[in-house]
Amino acid sequence: MDCIAAIATPLAPSAIGILRLSGDGAAAVAGRVFHPANGRDFAEHSPRTMVYGAVETPEGTLLDHGLGVWFSAAHSYTGEEAVELYLHGSPVVLGETLSLLLASGARQAGPGEFTRRAFLSGRMDLTQAEAVMDLIDAETAEAARLAAAQEGGALRRKVEGIYEGLLEVASRFYAVVDYPDEDLEDVSPEELKGDLAVWQRDLEALVSTARRGRILKSGLPAVLLGKPNVGKSSLLNALTGTDRCLVTATAGTTRDTVEEKVRLGGVVLRLTDTAGIRQTADEIEAMGVERARRAADQAELALVVIDGSRPLTAEDEEAFAAASGCKKVLVVRNKADLPVCPAVSERFPEAIPVSARTGEGLEELEQAVAALYPAGEAPAGCLLANARQEDAARRALGAVERARAAFAGGLTPDAVLSDVEDAMNALGELTGRTAKEDIVSAIFSRFCVGK
Ligand SMILES: Nc1nc2c(ncn2[C@@H]2O[C@H](COP(=O)(O)OP(=O)(O)OP(=O)(O)O)[C@@H](O)[C@H]2O)c(=O)[nH]1
Ligand SMILES: [Mg+2]
């Protein structure tokens, strides 16, 4: 393909800045701009060998010194001839060098175009390409680890295994459909049923990984609940290190829900601050309380905040009731900087003492959250990482379920076969084997230029 070029590092003054090229004649194009110090042509050097040289304008004006390396198609990220130039990280110099490369036969690369070429050349499938982006965007060490495993092809191998299995089932059906009059002894309905059940279980297991994928990517939905004035908003501010939420000594300060991303241990929470739960005649506050309950319904984790310096009231019980739908609940005893009311610590000995005011106990809270969500719940890299993948896997599962139902209902082999083929198509979309052009374009358009 034609030769594309882009700056691959952020445009900010930095120690090193990298330009990359990919496509036909990439080394020759780079050689018009980058001149090795030993006087030989850049493209004449061995591939995958660093060469020291200078970037010069056609008039011979020196722009920078740096290193260059080229890769043959067999050993490059994109699966085509490729070049990387390592210069000083000056946005001006990098911009000028890029202009020279564009004037020398390269074209400015679009977003994700390098990775798209890697996909088109078969270097990686769509799950691996998406993992590249996930790795760059990872917000926690765990998310990065999983993206790395996925980039290595963990999900691809899993999905291709199921695909091959279904293909094997389909091929035996083809025999029955193509030669209906022959008595094919090797096609045992019982065996086919058994095989379909195996792939259904595999797909169910795969679909069940999507939840963890979502949590890793966009954060675990979590909510701060409690009666008014216990310090929910103060806690959100303390955890984010911001003044995001209004805090006052007046009960009923927070009305609307406020969501912020908070990283606690290895987990990213989408933590929602809510209005204090209580019965109220105030129309606006009542709407806020309603929103708080709704946020609680959608959350996986509730941090129920109590004020450790005052006796508990019926409103605290209401807050706990609101949290009852959440999968996990942690009790946070706030205002630990004040003398603790013995009745509170007796009633909730497991509560985590914190002070939103002084910051004490926040680390313990972080550890408690991390303990609830230990890393490594899913096998490394083998999980559905986004809505696109989840949708395709669910469609594949649905089609296998239909195939089994058709089988059990005594439908003709070709009806069963068409469901199996639907499942294979959905899996093909997942890996990109049969993905439509617009889906592929949408995926790569979210990449940055130079990746
Ligand atoms: N001493 C002490 N005071 C705190 C602490 N956290 C919050 N406060 C005070 O408690 C009062 C209520 O804090 P908020 O964060 O507004 O409480 P809230 O739970 O969000 O209240 P509503 O929005 O009304 O439901 C304010 O006066 C805070 O300064 C704490 O850890 N220690
Ligand atoms: Mg508040």
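1. Observations concerning the overall build of the protein
Looking only at helices and strands, one finds 16 helices and 13 strands in the protein. With the C-alpha coordinates of the protein rotated into their principal frame, the extents come out at 80 × 80 × 35 Å. Classification of the 451 residues of the protein by burial places 42% in the buried group. Nonlocal contacts in the protein, meaning residues at least 24 apart in sequence, comprise 65% of its contacts between residues at least 6 apart.

2. What to know about the domain arrangement of the protein
For the protein, the domain assignment lists domain 1 (4–109), domain 2 (131–209 + 383–445) and domain 3 (216–372). The distance between the C-alpha centroids of domain 1 and domain 2 comes to 42 Å.

3. Description of the site of ligand 1
Of all residues adjacent to ligand 1, which total 24 residues, the nearest are G231, S233, S234, T254 and G276. Broken down by element, the shell around ligand 1 gets its largest block of residues, 3 residues, from helix α9 (residues 232–240). Grouping the constituent residues of the shell around ligand 1 by class yields 8 nonpolar, 12 polar and 4 charged.

4. Considering unusual backbone geometry
With a phi close to 75°, N229 is a non-glycine residue in the positive phi region. Inspection of the secondary structure puts N229 in the loop between β8 (220–225) and α9. In this structure, K335 is a non-glycine residue whose phi angle is positive, near 65°. Following the sequence through the fold, K335 ends up in the loop between β12 (328–334) and α12 (342–347).

5. What to know about the nonpolar core
One finds L21, A30 and L225 to be the most contacted residues of the largest nonpolar core, which totals 121 residues. Considering each element in turn, this core owes the most residues, 8 residues, to helix α15 (residues 413–431). What L21 contacts, discounting residues up to four positions off in sequence, is C3, I4, A5, A26, V29, A30, A82, V83, L101 and A106.

6. Some thoughts on the sheet that holds strand β13 (residues 352–353)
In space, the 6 strands of this open sheet follow the order β9-β10-β8-β11-β12-β13, with mixed pairing throughout. Strands with a single pairing partner mark the edges of an open sheet, and in this sheet they are β9 (258–264) and β13. Two elements, β8 and strand β10 (residues 267–273), share 5 bridges in a ladder whose sense is parallel. Along β10, the bridge assignment pairs A222 with L271. Running at roughly 150° to β10, α9 makes contact with β8, β9, β10, β11 (301–307) and β12 of the sheet. Helix-sheet contacts for helix α13 (residues 362–372) involve β9, β10, β11, β12 and β13, and the interaxial angle to β12 is about 175°.

7. Considerations on the packing of helix α14 (residues 387–408) against α15
Interhelical geometry of α14 versus α15 gives an angle of 170° and a closest axis separation of 8 Å. Judged by the angle between their axes, α14 and α15 are roughly antiparallel. In this structure, the crossing between α14 and α15 has a hand that is left-handed. Here α14 contributes Q389, A392, A393, R395, A396, A399, V400, R402, A403, A406 and F407 to the contact with α15, which in turn contributes A415, V416, D419, V420, D422, A423, A426, L427, E429 and L430. For the contact of α14 with α15, a count of residues per class yields 15 nonpolar, 1 polar and 5 charged.

8. So, the sheet that holds strand β6 (residues 82–89)
Within a sheet, adjacent strands bond to each other through the backbone by hydrogen bonds, running parallel or antiparallel. Strand order in the open sheet formed by 7 strands is β3-β4-β5-β6-β2-β1-β7, and the pairing between neighbours is mixed. Looking at the sheet topology across the chains shown, the edges are occupied by β3 (34–36) and β7 (107–108). One ladder, built from 5 bridges, connects strand β5 (residues 62–71) with β6; its direction is antiparallel. Within β6, the position partnered with W70 by the bridge is V83. Against the sheet, helix α2 (residues 91–103) makes contact with β1 (4–7), β2 (14–22), β4 (51–56), β5, β6 and β7, and its axis sits at roughly 15° relative to β2, the strand it touches most.

Conventions adopted
Residues numbered from 1 in each chain as written. Chains lettered and ligands numbered in written order. Predicted model: local features only at pLDDT ≥ 70, side-chain atom pairs only at ≥ 80, totals over all residues. Helix = DSSP H or I, 4+ residues; strand = E, 2+ residues; numbered from the N terminus. Buried ≥ 20, exposed ≤ 12 C-beta atoms within 10 Å, placed from the backbone. Contact = placed C-beta atoms within 7 Å. Domains from an automatic or database assignment. Near = placed C-beta within 6 Å. Nonpolar A, V, L, I, M, F, W, Y, C, P; charged D, E, K, R; others polar. Core = buried A, V, L, I, M, F, W, Y, C linked by C-beta atoms within 7 Å. Pairing = 2+ DSSP bridges. Axes fitted to C-alpha atoms, helices over the stretch in contact; angles between N-to-C directions. Parallel < 35°, antiparallel > 145°, perpendicular 65-115°, else oblique. Left-handed = near helix turned anticlockwise from the far one by under 90°.

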